[in-house]
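# Observations on chain architecture
Chain by chain, the residues:
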Amino acid sequence: MVGVLIRMRLTITRRHMREGRAALNFWLGSVIGLIAAAVTALLIATAHNSLHGGVTIAAALFAAWTLGWICGPAITGSSDETLQPEQFRLLPLTSRQLAYGLAAAAFVGPAPIVNLIAFGGLVLLAAPIGLGATGIAILGALLQLVFVVLLSRVVVAWLGAAMRSRRGKDLGVLLAALIGLSYYPLNLLISAVGPKLDGDNGGLSVTLRALPSGWAPYAVEAASRGDYLLALLPLLGLALLALALWQAWAVLLERRLTTPAAPAGQIVDTGGGLLDRFIPPTPVGAMVTKELRTWWRDGRRRAALLPLLLIGFVLPIFLSVRSGGSGTIPFSGAFVVWLATMSSTNLYGFDGTAVWQTLVTPGAERADVRGRAYAWLIVVAPVAVLATLILPGALGKAYLYPWALATLPVLLGVGAGSVVFLSTHAAFALPPQGGNPFASSGNPGCTKLLFQLSVGLVQLLATAPVLAILGLGAGLHIPLLQWAAPPVGLVLGGCAAILGIRTATTRLETRGPELLAEVKPR
């Protein structure tokens, strides 16, 4: 069975190397990963003046790569499930047999190879010491790879298991947000202490070695002293920890395959809800209502959006801590919109083949696109506007009000236009709803990240005119000129939203069947 799963994964990987967007995902991600891995290996091998410093640096970099495996699915809202457990539900396999086969298949592909190259820097560090230390380093790098892959699988499976009920979905989204948020303070910590790693002989180096990510480097350090028994102990600990993670993953897989999702319950149309009271009974209003309810009920949409909304609030705080002030906190609303846009560029992919209902309804395309854009604004704008109106005054930085009020409408307008534009021009299929709300069927990966970054870049470029006005007013000390920027921002944001909505409507009207083929789960 293991060989069958590995061959299936290899076949899918070969297809990804040749076909359209999946090929772009594969090659771009592989190139970026190889560069990062080569830099990591080079730093471990050369960026130190002593073996002690090299081991400390290796432990820190191993911790950073481990953190990436844990936080990556939560930050990007996706994880690779090329082989989904539900596809093997009817086979006569126990959960542990399936976990064993899927675990073996998880090590096939570019990501494990890239990480093995990065961890291979430990072998370069140990090579001048001798054959014994080199052997320990090779074994440690392999065990570290097994550890991070299984750890990532367990974290994602645990979040997916937590989100199988309504309350669990809310808790799972919150946990995903907290995991994603943990990346930023830890990254801040690593960047602050990084220059001190080589010469540190105190608590920092001990802490890095005490973490599981530091056990393999510590084993090399012990081998350099000739204490091979002590060197084997942390490697044995890594092996036992990996075994425990595999056992935990098997249990989570069994729960995923045998525990049905909690029923949504009977939905009764009372006709008296808030949405029915405030949203007009028009085609666009019906689409807005449908989208708002979908954003509220769909765990996969919330898993994509809510963690980044929370990160948008917290990220300016960490940036301010790094710079030693509070200059970016008043722009929390702008950060929220910026990140929310990047997480919402596949609206039709979330709906999947339900898009056909729009395509077979005459004249529904215009209302569909407009309703999606308006609903996105209703979800994102209130929080961002409140943060923009409150934070500058609360922090005693009222002079930043023109800056915050001018950039926010531009980001909102560009965001509303971008989410429907990219949802019609760069949609991709998502797997059917299952136990893992972060599953991406192996497709988004680097391509999704590239789309997100391109949207973020467009938003930043669109703010250039208002930033020029604000900068000119600040340079000439003319407050009235600065306050002329918010109306300009409203106009720019409105024009961007109209342009994006019209372009998306035209695309849906003329290429609707092609869009349906793109979002159909494979």
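Right above here is the structure, for reference.
Residues numbered from 1 in each chain as written. Predicted model: local features only at pLDDT ≥ 70, side-chain atom pairs only at ≥ 80, totals over all residues. Heavy atoms only, no water.

Further remarks concern the environment of alanine 157. When you line up the elements, alanine 157 lands in helix α7 (residues 131-162). Among residues more than four places away in sequence, those in contact with alanine 157 are Trp249 and Leu252. (Helix = DSSP H or I, 4+ residues; strand = E, 2+ residues; numbered from the N terminus. Contact = heavy atoms within 4.5 Å.)

Applying the stated rule across the entire model yields 2 aromatic pairs. Taken together, a centroid distance of 6.5 Å and an interplanar angle of 80° make the contact between phenylalanine 335 and tryptophan 338 edge-to-face. Pair noted here: phenylalanine 335 and tryptophan 338 are both in helix α15 (residues 332-342), with a separation of 3 residues, about one helical turn. The exposure class assigned to phenylalanine 335 is buried, which follows from its relative accessible area of 18%. Cation over ring: arginine 301 sits above tryptophan 295, and NZ or CZ is 4.9 Å from the ring centre. Against the face of tyrosine 348 rests arginine 372, its NZ or CZ located 4.1 Å from the ring centre. (Phe/Tyr/Trp six-rings, centres within 6.5 Å; stacked < 30°, edge-to-face > 60°. Buried < 20%, exposed > 50% of the residue type's maximum accessible area, 1.4 Å probe, protein only. Lys NZ or Arg CZ within 6 Å of the ring centre and 35° of its normal.)

Next up on the list: the side chain of arginine 372. Position of arginine 372 relative to the elements: it lies in helix α18 (residues 364-394). Look at arginine 372 and you get buried, because its relative accessible area is 2%. Within polar-contact distance, the side chain of arginine 372 engages the side chain of aspartate 351 at 2.6 Å. (Polar contact = N/O pair within 3.5 Å; in protein donor to acceptor, adjacent residues only side chain to side chain.)

A few words on the pattern of salt bridges. Scanning the model with the defined rule gives 9 salt bridges in all. With its nearest N and O atoms 3.3 Å apart, the salt bridge here joins arginine 372 to glutamate 291. Taken together, the residues arginine 372 in helix α18 and glutamate 291 in helix α13 (residues 283-297) connect sequence positions 81 residues apart. As far as burial versus exposure is concerned, arginine 372 and glutamate 291 are alike and both buried. Here aspartate 351 makes a salt bridge to arginine 301, at a shortest N to O gap of 3.0 Å. Of this pair, aspartate 351 sits in helix α16 (residues 347-351) while arginine 301 sits in helix α14 (residues 299-323), placing them 50 residues apart in sequence. The network of salt bridges with common partners includes Lys290, Glu291, Arg301, Asp351, Asp368 and Arg372. (Salt bridge = Lys/Arg side-chain N within 4 Å of Asp/Glu carboxyl O.)

So, on to the packing of α15 against α18. For the pair α15 and α18, the least separation of the axes is 7 Å and the interaxial angle reads 160°. Classified by the interaxial angle, the pair formed by α15 and α18 is roughly antiparallel. Note that α15 runs across α18; the crossing there is right-handed. Taken together, the residues of α18 that come into contact with α15 (itself represented by Ser332, Gly333, Val337, Ala340 and Thr341) are Trp376, Val380, Ala384, Ala387, Thr388 and Leu391. Residue composition of the contact of α15 with α18, grouped by class: 7 nonpolar, 4 polar and no charged. (Axes fitted to C-alpha atoms, helices over the stretch in contact; angles between N-to-C directions. Parallel < 35°, antiparallel > 145°, perpendicular 65-115°, else oblique. Left-handed = near helix turned anticlockwise from the far one by under 90°. Nonpolar A, V, L, I, M, F, W, Y, C, P; charged D, E, K, R; others polar.)

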